[in-house]
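Letter by letter, the chains look like this.
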Amino acid sequence: MKKTLLASAVSLALVGAAHADEHSGTYAFDTEGAHQFITFEISHLGFSTLYGRFNDFDGQFVYDADNPENSSVEVTIDTASVDSNHGERDKHLRSEDFLYVDEYPQATFKSTRIEVEGDDEADIVGELTLRGVTREVTLDAEMQGHGDDPWGGYRMGFDAETEIKLADFGIPTNLGKASETVTLEISVEGIRQ
Amino acid sequence: MQLRNSRRRYGAVGAGLHWLVALAVFGLFGLGYYMVDLTYYDQWYKLAPHIHRSIGILLFAVVVLRLLWRFADTTPSPLDSHSRFEVLSARVAHVFLYLLMLTAMTSGYLISTADGSGVRVFDWFEVPSVTGRIERMEDIAGDVHYWATWALVGLAALHGLAAIKHHMVDRDDTLRRILPARLKKS
C-alpha cells in the first residue's frame, strides 16, 4: 500500500495535477449493499452445471490508475456461507468431505502481481488459500466500470474468474471425471474510501 | 394376549408398538450410520437417505400414536420385587427415550427442510417445510440429530440390558410381560 501511494505521488509529480487520476485509491467491497458475489460452477456428472455462492466474504482493492500493475486485491471468504440452494448438500459441502469449515473457516486470496492485458483486462496472480492449502492461481479479470455513484461516493467494479482443481486443494471427494474442476467467479463493486 | 394393557402386563397394542418402534429406531440408526459414508457413485447414495427420511417421518406418526395410546390405556404397575431405585430409574429412562426420539426425528426433519423444501415419504406423500428456508439450520439440526441419535441408541441399549438383567439374573416378569409369553404365577 505504501508503495502504491508512493507510485501515485511520483506519477502525480511527473504528469502534473491536471492529469492526476482521481480514481486511484483504496476501495472497500460493498458488502452492505451486497454488490458483490462469489459464485462457483461445477459440472454434475457431465449432464448439467451446478451453481453455488459464498454469501459472506469481504475484501478490498487498491487501484493505481497510473500504474495498474501496482494495484492489489485481497479477499477473505467465510467458507461456511456456502450456499447451493439445497440444505442437505450445503451441510455436506461444509463437512470434511469438501470444505471442512470447522477446521478451515476461512479461504483467502491475496494478489501478488498483476499483468495488464488490455484497456480493461488484467491477469491477477495471487495466492488462494482454501481448506488449508495455499496455491498460486490467476484470476482473469475485467474492469466493468467506475465513476461517481448517485449518492456521493465513487465506485469501481470488476469481474474475475479462475478455475481450480478440487484435488489441488485437498478436497478428498471424487465427484467423477466431469467434475474435477470448479470455476470460481467473483464480481465486486468497491467504494473508494 | 388381549389388546389393552392390564395392571400386570402389556396388551398387544402397547407391546406391538413398543417392538415396532424399537426395530425402527435401531434400523434407522444403522441405516444412518451406514449412509453418511457412502460415496457419490454408490447405488445407495440417494436411495438410503430417501428410505431413512421416509421411515423417520412414518415413525414420528407411530410415536405420536403410541404416546396417545399410552395416555389412554392402563399403565402396568411395577413388579413388587422392584426396588424404588429400579422403578424410578426405569421411569426416568422411559421419559428420556421418548424425548430423545422426538428430538432425533424433529432434528432430522429440520435438516432436510432447512432449504424450505419438503420431505418426500417414499413416493406416497410429501411433508412440507414448516420453517421455510433458514440459513444454516441444517448445521445446527445436524449436530442435534447426531448427538440425540447416539444418546437414544445408548439409552435404548441400557434399557434393553436392564430388561435382560431382570430376565436372566432376577428371573422376574419384567421382560416377559411385554412379550407374547405366559407370566409366572406370583
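In this text the structure is predicted, and so the values were computed from the model without any measurement. Position labels on residues start from 1 in each chain and follow its written sequence. For this description, chains carry letters from A and ligands carry numbers from 1, given in the order in which they are written. Only residues with pLDDT of at least 70 are given local features in this predicted model, and only at 80 or more are side-chain atom pairs given and counted; all residues enter the totals for whole chains, interfaces and linings. No hydrogens and no water enter the side-chain calculation; it runs on all heavy atoms of the structure.

**Some points on the overall build of chain A**
Going along the chain from the N terminus, every DSSP run of H or I of four or more residues is numbered as a helix, and every run of E of two or more is numbered as a strand. Summing up its helical and strand segments, chain A has 2 helices and 11 strands in all. Counting from the amino terminus, helix and strand elements in chain A follow one another as α-β-β-β-β-β-β-α-β-β-β-β-β. Buried positions account for 44% of the 193 residues belonging to chain A. Whether two residues touch is decided by their heavy atoms; if any such pair falls within 4.5 Å, the residues are in contact. Pairs at least 24 apart in sequence give 56% of the contacts found in chain A among residues at least 6 apart. Carbon and sulfur atoms make up 48% of the accessible area of chain A, which amounts to about 10,600 Å² in all. Only protein chains enter the accessibility calculation, which uses a 1.4 Å probe; a residue whose area is less than 20% of its type maximum is buried, one above 50% is exposed, and one in between is partly exposed. Surface accessibility follows the Shrake-Rupley procedure with a 1.4 Å probe radius. Residue values consider only the protein chains on display as shielding.

**Thoughts on the layout of surface pockets**
Residue and element names in this part refer to chain B. Volume-wise, the second largest pocket comes out at about 1,400 Å³. As defined here, a cavity is a set of points on a 1 Å grid over the protein atoms alone where a 1.4 Å probe fits but cannot get out. A pocket is an open set with protein on both sides within 12 Å along at least five of seven lines, and residues line them when an atom is within 4 Å of a point. Contributing to the lining of the second largest pocket are 49 residues, with Y10, A90, H94, L97 and H159 lying nearest its centre. Breaking the lining of the second largest pocket down by element, the ones donating at least two residues are α1 (12-35), α2 (44-72), α3 (84-112) and α4 (137-168). Broken down by element, the lining of the second largest pocket gets its largest block of residues, 14 residues, from α3. Grid points are joined across faces, edges and corners, and a volume is the space filled by probe spheres set on the points.

**Quick word on a nonpolar patch on the surface**
Residues forming no salt bridge and having over 30% relative accessible area are the ones grouped into patches, like charges within 9 Å of each other and nonpolar side chains (Val, Leu, Ile, Met, Phe, Trp, Tyr) within 5 Å. Counted as salt bridges are all cases of a side-chain nitrogen of Lys or Arg within 4 Å of a carboxyl oxygen of Asp or Glu. A cluster of nonpolar side chains, namely L88, V92, V95, F96 and L99 of chain B, defines an oily patch on the protein surface of about 460 Å² accessible area. Checked against the element boundaries, V95 of chain B lands in helix α3.

**Describing the interface of chain B and chain A**
Taken together, the contact pairs 13 residues of chain B with 19 residues of chain A. Joining two parts hides part of their accessible area as seen by a 1.4 Å probe, and the buried area is that hidden amount summed over both. Together, the buried faces of chain B and chain A total about 1,300 Å²; carbon and sulfur atoms form 42% of this surface. Viewed at the interface, chain A and chain B are joined by 6 salt bridges. Across the pair R133 of chain B and D83 of chain A runs a salt bridge whose closest N-O atoms are separated by 2.7 Å. Within 3.5 Å is the distance limit for a polar contact, defined as a pair of N or O atoms, with the added protein rule that one can donate a hydrogen and the other accept it, and that residues adjacent in sequence qualify only through two side-chain atoms. In this structure, the connection of chain B to chain A is made through 13 residue pairs in polar contact (both at pLDDT 80 or more). Of all the elements in the fold, those that place two or more residues in the side of chain B that touches chain A are α2, α3 and α4 of chain B.

**Regarding the nonpolar core**
We call a set of buried residues a nonpolar core when its members are Ala, Val, Leu, Ile, Met, Phe, Trp, Tyr or Cys and they connect through side-chain atoms within 4.5 Å of each other. In this structure, F61 and V75 of chain A are the most contacted members of the largest nonpolar core, which totals 44 residues. Of the residues forming this core, the biggest block, 5 residues, is contributed by strand β10 (residues 154-165) of chain A. When sequence neighbours within four positions are dropped, the list of residues in contact with F61 of chain A reads G25, T26, Y27, F29, S72, V73, M156, F158, V188 and G190 of chain A. In this structure, V21, V25, Y98 and L100 of chain B belong to the second largest nonpolar core, which totals 17 residues.

**Focus on the environment of L38 of chain B**
Residues and elements named next belong to chain B. Mapped onto the fold, L38 is located in the loop between α1 and α2. Under the relative-accessibility criterion, L38 is labelled buried at 11%. It is 27 Å that separates the C-alpha atoms of L38 and R133, two residues lying 95 residues apart in sequence. Apart from residues no more than four positions distant in its own chain, L38 is found in contact with W44, Y45 and A48.

**Let's talk about the packing of α1 of chain B against α4 of chain B**
Residues and elements named next belong to chain B. In contact at an axis separation of 11 Å, α1 and α4 are set at 135 degrees when each is read in the N-to-C sense. It follows that α1 is oblique to α4 by the angle criterion. At the point where α1 passes α4, the crossing takes the left-handed sense. Within the contact between the two elements, α1 uses H18, V25, F26, F29 and Y33 and α4 uses T149, W150, L152, V153, A156, A157 and H159. A fitted line through C-alpha atoms serves as each axis, taken over the contacting stretch for helices, and the angle formed by two N-to-C directions is quoted from 0 to 180°. Should an angle lie under 35 degrees it is considered roughly parallel, over 145 roughly antiparallel, and from 65 to 115 roughly perpendicular; all remaining angles are considered oblique. The hand of a helix crossing depends on one turn: near helix anticlockwise from the far one by less than a right angle means left-handed, and clockwise means right-handed.

**A look at the UniProt feature "transmembrane region" (unreviewed entry) in chain B**
Residues and elements named next belong to chain B. Here, the residues flagged by UniProt with the feature "transmembrane region" (unreviewed entry) are residues 12-35, 55-72, 92-111 and 144-164. From the first C-alpha to the last, residues 92-111 spans 28 Å; its make-up is 100% helix and 0% strand. Spanning residues 144-164, this segment combines 100% helix with 0% strand, and its end C-alpha atoms are found 30 Å apart. UniProt positions are given in the numbering used here, feature names are shortened, and annotations may be inferred rather than shown by experiment.

**Section: α2 of chain B**
Residues and elements named next belong to chain B. Every helix has an expected span of 1.5 Å times one less than the residues it contains. The terminal C-alpha atoms of α2 lie 41 Å apart, and with 29 residues this matches the ideal 42 Å at 1.5 Å per residue to within 8%. Taken together, the buried positions of α2 are A48, P49, H50, H52, S54, G56, I57, L59, V63, R66 and L67. Where α2 is buried, its residues contact α1, α3, β1 (119-121), β2 (125-127) and α4.

**Considerations on empty space enclosed by the protein**
What the rule picks out here adds up to 1 cavity of 30 Å³ or more. Surrounding the largest cavity, 17 residues form its lining, D90 of chain A together with R133, E135, R136 and E138 of chain B being those nearest its centre. Elements supplying a minimum of two residues to the lining of the largest cavity: β6 (82-83) and α2 (87-94) of chain A. Among the elements that line the lining of the largest cavity, the one with the most residues is α2 of chain A, at 3 residues.

**Remarks on the UniProt feature "domain: Cytochrome b561 bacterial/Ni-hydrogenase" (unreviewed entry) in chain B**
What UniProt calls "domain: Cytochrome b561 bacterial/Ni-hydrogenase" (unreviewed entry) maps, in this numbering, to residues 10-180 of chain B. When the span residues 10-180 of chain B is considered, its composition is 67% helix and 4% strand, and the gap between its end C-alpha atoms is 9 Å.

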